[in-house]
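One letter stands for each residue in the lines below.
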Amino acid sequence: MCLFDYHRFDQQLLHTIAYDALVWSSLHGLVVGDNSSQGSGSVPGVGLVHAPFALLPTPFPQNQWRQASELAPIFNELVDRVSLDAAFLQHALSRTKEADEFTSRLLDIHSKMLKINKKEEIRLGLHRSDYMLDEKTNSLLQIELNTIASSFAGLSNLVTELHRYILSRHGKLLGLDSKSIGANDAVNQNAEALAKAWSEYNNPRAVIMIVVQAEERNMDGQEISVIYFRAGYTPVDYPSESAEVLARTKTPLKRSLDGAREHTVVMVDLDPRVEWKARLLMEQSSAVKCPSISYHLVGTKKIQQELAKPGVLERFLENKNDIAKLRKCFAGLWSLDDSSIVTKAIQKPELFVMKPQREGGGNNIYGDDVRETLQKLLKSGSQEEAAAYILMQRIFPTISAAVLMRNGCWSKDHAISELGIFGTYLRNKDKVIINKPSGYLMRTKMSSSDEGGVASGFAVLDSLYLT
Ligand code: ADP
Ligand code: MG
Ligand code: MG
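Residues numbered from 1 in each chain as written. Chains lettered and ligands numbered in written order. Predicted model: local features only at pLDDT ≥ 70, side-chain atom pairs only at ≥ 80, totals over all residues. Heavy atoms only, no water.

### Observations regarding the pattern of salt bridges
If you walk through the whole model with that rule in mind, you get 26 salt bridges. The partner of Arg427 in a salt bridge is Asp80, and the shortest N-O contact between them spans 3.4 Å. Of this pair, Arg427 sits in strand β16 (residues 409–428) while Asp80 sits in helix α2 (residues 62–83); the two residues are 347 residues apart in sequence, bridging distant segments of the chain. As far as the burial class goes, Arg427 and Asp80 line up, both buried. Its salt-bridge partner being Arg315, residue Asp85 comes within 3.2 Å of it at the nearest N-O pair. Placement of the pair is Asp85 in the loop between α2 and α3 (86–92) and Arg315 in helix α12 (residues 313–316), with a sequence separation of 230 residues. Since its relative accessible area comes to 51%, Arg315 is described here as exposed. (Salt bridge = Lys/Arg side-chain N within 4 Å of Asp/Glu carboxyl O. Helix = DSSP H or I, 4+ residues; strand = E, 2+ residues; numbered from the N terminus. Buried < 20%, exposed > 50% of the residue type's maximum accessible area, 1.4 Å probe, protein only.)

See the structure below:
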């Protein structure tokens, strides 16, 4: 892509831009906690470093950006429909349940809610559907759909602003126009959806509770209208089940869920000791959960694979156009029951990704490890263990040049990108209050890296230069 041929750019110019970008990041809060710094994460304002970012936005075709945005409300609606079909969820995940303890715990909570006939009338979804552009077919293919803790609305929004600033300052020399950067208002859209869910709950004295992974805890006797999970998507967030400590911590949380006080946002971390009981308690409460247990389950990799089977989308959606649009973005997805695919994956593991039921990056299996893991599973003959995984067609996006900024230093690299489109959804009974695309997250990583998380250290934050 000659437009972005960084070798053409003067080294001194790149140096100046990098310096400007670092200053901008510090001034505008494009920062994260610095693990290597003492006090980071416990003392506010201490131990911060700029978030990893691409120095310049990455080119992306306008029509495929539009396509990805148009998919957001359809996926939102699909999640909602699937979430209401408890039998489908329980059945589709029944074998995963045997193989995967984490999914099993989630399904237990789901079953308990069915038993007490719990209805979620106000349903809030803050989703993010992730895609890569497959180079060979030039098609937009979905990597996954996140229904819990869909992160980076805030920082991604800032990176878009950073790039706009850089291009307004240096665009002429670079031959790039700041107006070509894709607009991004992810942070406001997500906040708006949370606020509207709070008003639908209709108790001005109730609060929004945000469940986070930090070590701090802050609870009081306030009624909770909306629970937003930024934690709880990984087994690490639920490490133990000490009954003794539970007795101590359960009471204030229970009171929070039932009581009534003024309107503020309280931050509550998932205390490792409260874990599953707390999740159950929150699910039983009248608060709007983002996500509810059903929404959480719809976002699992296994359900993604089940929805890609022929005829399954038709069970949930009527509009043929919508169904065709969704299907067009599905990559190949298979369960390990499919012995012909398993054989193919053993022969050509580089064409597949093997995924367990996990979130947050760093869990997938690639390349020769796919072959080894599959052979091991075949040898042990354990159908049960195999049910913990799905197989997915490996997507190969176009490789382009990028300048990646980490820890104040820049490096030129061959890179590939993954585009996430946020989708917000809110309904109260039959009334759909919000259903729209809500900004984006562009992540760029060295083309030699398999995984893609920013927090897990593989990728940097980026934005779109629409072409
Ligand atoms: P997680 O829920 O942990 O984020 P993902 O399915 O998004 O799991 O996989 C993590 C990363 O692995 C993605 O961000 C992407 O970089 C890479 N990846 C996942 N699926 C594929 C695929 N089919 N082809 C190529 N890369 C993939
Ligand atoms: Mg995910
Ligand atoms: Mg992902």
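So much for the structure itself; the text now carries on.
### Looking at helix α7 (residues 186–201)
If you check α7, its first and last C-alpha atoms are 23 Å apart, about what 16 residues at 1.5 Å a residue would give, namely 22 Å. Among the residues of α7, those classed as buried are Ala186, Gln189, Asn190, Ala193, Leu194, Ala197, Trp198 and Tyr201. Taken from the residues just after α7, Asn202 is the one with a positive phi, measuring 65°. (Expected span 1.5 Å × (residues − 1).)

### A word on the site of ligand 1
Not every one of the 21 residues close to ligand 1 is listed here, only the nearest: Lys301, Lys355, Gly361, Tyr366 and Glu418. Take Asn364: an N or O atom from its side chain is 2.9 Å from an oxygen atom of ligand 1. At 2.8 Å, a backbone N or O of Ile395 approaches a nitrogen atom of ligand 1. Alone, ligand 1 offers 540 Å² of accessible surface; in the complex the protein occludes 96% of this. Within the residue set of the shell around ligand 1, elements represented by two or more residues are β6 (139–146), β12 (352–356) and β14 (389–393). (Near = heavy atom within 4 Å. Polar contact = N/O pair within 3.5 Å; in protein donor to acceptor, adjacent residues only side chain to side chain. Areas by Shrake-Rupley, 256 points an atom, 1.4 Å probe, with all protein chains shown as cover.)

### Focus on the packing of helix α14 (residues 339–347) against helix α15 (residues 368–380)
The interhelical angle for the contact between α14 and α15, taken along N-to-C directions, is 135°, at an axis separation of 8 Å. Between α14 and α15, the interaxial angle falls into the category oblique. Like other packed secondary-structure pairs, α14 and α15 cross with a definite hand, here left-handed. Here Val342, Ala345, Ile346 and Gln347 of α14 come into contact with α15, specifically with Val370, Arg371, Leu374, Gln375 and Leu378. Considered class by class, the residues forming the contact of α14 with α15 number six nonpolar, two polar and one charged. (Axes fitted to C-alpha atoms, helices over the stretch in contact; angles between N-to-C directions. Parallel < 35°, antiparallel > 145°, perpendicular 65-115°, else oblique. Left-handed = near helix turned anticlockwise from the far one by under 90°. Contact = heavy atoms within 4.5 Å. Nonpolar A, V, L, I, M, F, W, Y, C, P; charged D, E, K, R; others polar.)

### Some points on the UniProt feature "binding site: Mg(2+)" (unreviewed entry) in the protein chain
Mapped onto this numbering, the UniProt entry annotates "binding site: Mg(2+)" (unreviewed entry) at Glu144, Asn146 and Glu359. Separation in sequence by 216 residues is not matched in space for these annotated residues, since their most distant C-alpha atoms are only 10.1 Å apart. In this structure, the largest cavity is lined, among the annotated residues mentioned, by Glu144. Within the secondary structure layout, Glu144 lies in strand β6. The residues contacting Glu144, other than those within four sequence positions of it, are Arg128, Ser129, Asp130, Lys301, Gln304 and Glu359. Structurally, Glu359 is set in the loop between β12 and β13 (365–366). Dropping the residues within four chain positions of it, Glu359 is found in contact with Glu144, Asn146, Tyr233, Gly299 and Lys301. Here the side chain of Glu359 touches Lys301 through a polar contact of 2.9 Å, side chain to side chain. (UniProt positions renumbered as here; feature names shortened; annotations may be inferred. 1 Å grid on protein atoms, 1.4 Å probe; cavity = no way out; pocket = protein on both sides within 12 Å on 5 of 7 lines; lining within 4 Å.)

### Things to note about empty space enclosed by the protein
If you walk through the whole model with that rule in mind, you get seven cavities of 30 Å³ or more. Gln142, Leu145, Val298, Gln304 and Leu307 are, among the 13 residues lining the largest cavity, the residues nearest its centre. Counting residues per element, the ones that place at least two in the lining of the largest cavity are α2, β6 and α11 (301–307). Classifying every residue of the lining of the largest cavity gives seven nonpolar, four polar and two charged. (Points joined across faces, edges and corners; volume = space filled by probe spheres on them.)

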